[in-house]
Amino acid sequence: MQLPIRKAKKIIRHALSGLGITKKFSPESGWEPLSEKQSISHQLPYRSYDSNTQIYHNTDSLGCVLQTSPLTSITEEQFTILHSLINDSMPENITLQILLYANNNIMPMLSRHQESRTKTLHCALNSDLNNRITRSRINFMREGTLHSRSAFSPMILRNYDCYWVLNTGADKSGGKHLLQQFREQLLASLQSVGVAAQSVEPDNFISLLLRLLYPANTPVRHNRKWHAKRSLSQQLLMPDYDHSIDEYGIDITSMSGQALNGSENESWRISAFSVDTFPTHTPPWKMGEAIGHLLNTNLQLQSPTVFSLFIKKVSFEKAQAKTQMQYFSRESKSRSLLAKFLPRIKSECNDWQFVREQVASGESLLDVHYQVVSYANTAVADTARRALQDLCQANGWSLSISRYLQLPSWLAVMPMVLANGLFDDLKLLGRTQTMTASNALSVSPLLGEWKGTPSTSMLFVGRRGQLASWDPFDNTHGNYNIAIAARSGSGKSVFTQEYLLSILGRGGRVWVIDAGRSYEKTATLLGGEFIAFEPSTVISLNVFTHIRHFQESLPLLKPLFCTMARPEGDMTREESNYIEKALNLSLIHI
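In this text, all values refer to a predicted model and were calculated from it rather than measured experimentally. (Residues numbered from 1 in each chain as written. Predicted model: local features only at pLDDT ≥ 70, side-chain atom pairs only at ≥ 80, totals over all residues. Heavy atoms only, no water.)

Hey, could you run me through helix 4 (residues 127-142) in this one?
A turn of α-helix holds 3.6 residues, and therefore any two residues three or four places apart point the same way. Relative to the 22 Å expected for 16 residues at 1.5 Å per residue, helix 4 spans 22 Å between its end C-alpha atoms, a close match to the ideal helical length. When we look at burial in helix 4, the residues that qualify are Leu129, Asn130, Thr134, Arg137, Ile138 and Met141. Buried residues along helix 4 sit against helix 3 (107-117), strand 16 (458-461), strand 17 (467-470), helix 14 (492-505) and helix 15 (520-525). (Helix = DSSP H or I, 4+ residues; strand = E, 2+ residues; numbered from the N terminus. Expected span 1.5 Å × (residues − 1). Buried < 20%, exposed > 50% of the residue type's maximum accessible area, 1.4 Å probe, protein only. Contact = heavy atoms within 4.5 Å.)

Honestly, the layout of surface pockets in this entry has me stumped. Any pointers?
To locate leftover empty space, one rolls a probe as large as a water molecule over the atoms. By volume, the largest pocket is sized at about 1400 Å³. Contributing to the lining of the largest pocket are 34 residues, with Val510, Trp511, Val512, Glu529 and Ile531 lying nearest its centre. Put simply, the parts of the chain that give the lining of the largest pocket at least two residues each are helix 14, helix 15 and helix 16 (550-565). By residue class, the composition of the lining of the largest pocket is 23 nonpolar, 7 polar and 4 charged. The element best represented in the lining of the second largest pocket is helix 9 (residues 344-360), accounting for 6 residues. (1 Å grid on protein atoms, 1.4 Å probe; cavity = no way out; pocket = protein on both sides within 12 Å on 5 of 7 lines; lining within 4 Å. Points joined across faces, edges and corners; volume = space filled by probe spheres on them. Nonpolar A, V, L, I, M, F, W, Y, C, P; charged D, E, K, R; others polar.)

Looking at this structure, how should I read the packing of helix 7 (residues 316-334) against helix 9?
A packed helix pair is summarised by two numbers, namely the angle formed by the two axes and the spacing between the axes. The geometry of helix 7 relative to helix 9 is characterised by a closest axis approach of 8 Å and an angle of 155° between their N-to-C directions. Relative to helix 9, the element helix 7 is oriented roughly antiparallel. Like other packed secondary-structure pairs, helix 7 and helix 9 cross with a definite hand, here left-handed. Here the residues of the contact of helix 7 with helix 9 are counted per class, giving 9 nonpolar, 6 polar and 7 charged. (Axes fitted to C-alpha atoms, helices over the stretch in contact; angles between N-to-C directions. Parallel < 35°, antiparallel > 145°, perpendicular 65-115°, else oblique. Left-handed = near helix turned anticlockwise from the far one by under 90°.)

Help me understand the nonpolar core, please; the structure alone is not making it clear to me.
A general feature of soluble globular proteins is that nonpolar side chains tend to end up buried together. Counting 53 residues, the largest nonpolar core has Trp164, Ile311 and Tyr370 as its most contacted members. Of all the elements, strand 6 (residues 94-103) adds the most residues to this core, at 5 residues. Setting aside its immediate chain neighbours within four residues, Tyr370 contacts Phe273, Ser274, Val275, Phe278, Met287, Ser308, Leu309, Trp397, Val443, Ser444 and Pro445. Leu236, Leu411, Met414 and Leu426 belong to the second largest nonpolar core, which has 46 residues in total. (Core = buried A, V, L, I, M, F, W, Y, C linked by side-chain atoms within 4.5 Å.)

Explain the environment of Gln180 to me, please; I cannot follow it from the model alone.
Take Gln180: it is sitting in helix 5 (residues 175-192). In this structure, the C-alpha to C-alpha distance between Gln180 and Gly63, residues 117 residues apart in sequence, is 9.4 Å. Once residues lying within four places of it in the same chain are set aside, the contact partners of Gln180 are Thr53 and Ile55.

Please clarify how a nonpolar patch on the surface should be interpreted in this entry.
Residues Ile531, Phe533, Ile539 and Leu541 make up a contiguous nonpolar surface patch of about 420 Å² in total accessible area. Looking at the element boundaries, Leu541 is found in the loop between helix 15 and helix 16. Classification of Leu541 by relative accessible area gives exposed; the value is 61%. (Patch = residues over 30% accessible without salt bridge, like charges linked within 9 Å, V, L, I, M, F, W, Y side chains within 5 Å. Areas by Shrake-Rupley, 256 points an atom, 1.4 Å probe, with all protein chains shown as cover. Salt bridge = Lys/Arg side-chain N within 4 Å of Asp/Glu carboxyl O.)

Here it is, written out as structure tokens:
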């Protein structure tokens, strides 16, 4: 069956773009280069944004984008809720794309940390020392997006963001209403699984696209404001970037940046991978290993990476016909002499029989496109690419370079691009797969690492590189007590001193009961007061300073004074009564 001429031209155009051939032919001038006339932004479909409906209008589709924090794990209950959404509620003319972006944009959290640590300082705290410590930490963390923060294994700092992209055809009647309706269902389901979602406004959408299209060591410089009267694609132009495409990847050079190897220009290598084989058995929680091994510190991502899953629902009639046809085809071959030479035919027959039964019982069939794209500085691109493939291989995934299709494969991870015809082209080129809704959800890139509590008083790094903030006073249920336990020499005192400094930096006050003088130098450096309880020291403490209700506090005060009067041994009932009488008399004189 011949392809329509228009569709064939479209496929050839994308294939040539993947080769880096962006030329057109005219009888008068022959092949005319377009590289000087077009930028990468001209390949994108974004047109405008409706603030009232929060819907993006593209060339051939309507879409909306939601941002969430990744799940840290997924329970059976959460899986069931999300499966029901995709299997039962998702309309056939709505497409869903899930993006997990392991990016190097950690500066917003670092900036909030710096602001929280330098707000106000109590008593005579050395503000210059506090500022120098904070600046030093910020610089150390910021360089962690390029260089490992560990001398023994890769530890690259990053931030994980998850995006849910919904699309429908622009020419579908009632498509806008259907898109809004499913978006509300998605928001309700995300809330049910404990995930807060927010719509991505144009400013943040442009910032996301700029980071995807023009990688940089300092992505904070990509912040731009949206202009409602200009096309969104036109607002993505950055003339100081040069794109060079070959069969194995895309080289992006910034004429205004600083390269990792110290050269004048900042250069990045983009490599697009397709998934050849998925693990045989993949429980949903296992997807957390795709971003880094929990215990093996050497199996980690070493550069910014995008995981993209795009799903399109197959109608029940087509799904039933396809599974029947595939099953009968495999079943016929499994009974032939060919099965003796191809043992996998029997396994394929069993698989399609299972799928046929699942579809008959109500399971949806999905057309799926899975794409993994690695961003790395050119100086370390080979190492980062090999680390990504080793990590996936250890988890049962098989990745291969999308040879000759680098440009369309890279564009496929951009939100809403696949829904504008590119998915159909990739399907014709054999770059898509068919899955059940359960299987597709099991390999969805939903899992990342915990980002911490809202306040950024202290910073930590997860095992997969996620920068996380923490403050016990963010506990809205009260009880701010913490306990620190670790083996000797592991850094308990260092952690505690850092925590004390964070409290002082925010205008708090700190009292430490120190056995061993571990905090004497800290108190001196910070302009505090160190009181040594020794026989030669004259100390006068008024324990009644903060007592407001004496009779309510007496059950606590009495044992305290009994212990002070007789540190060793038990006190008699008579002695205890005398202490209680003395406490009551002291209250009268106060």
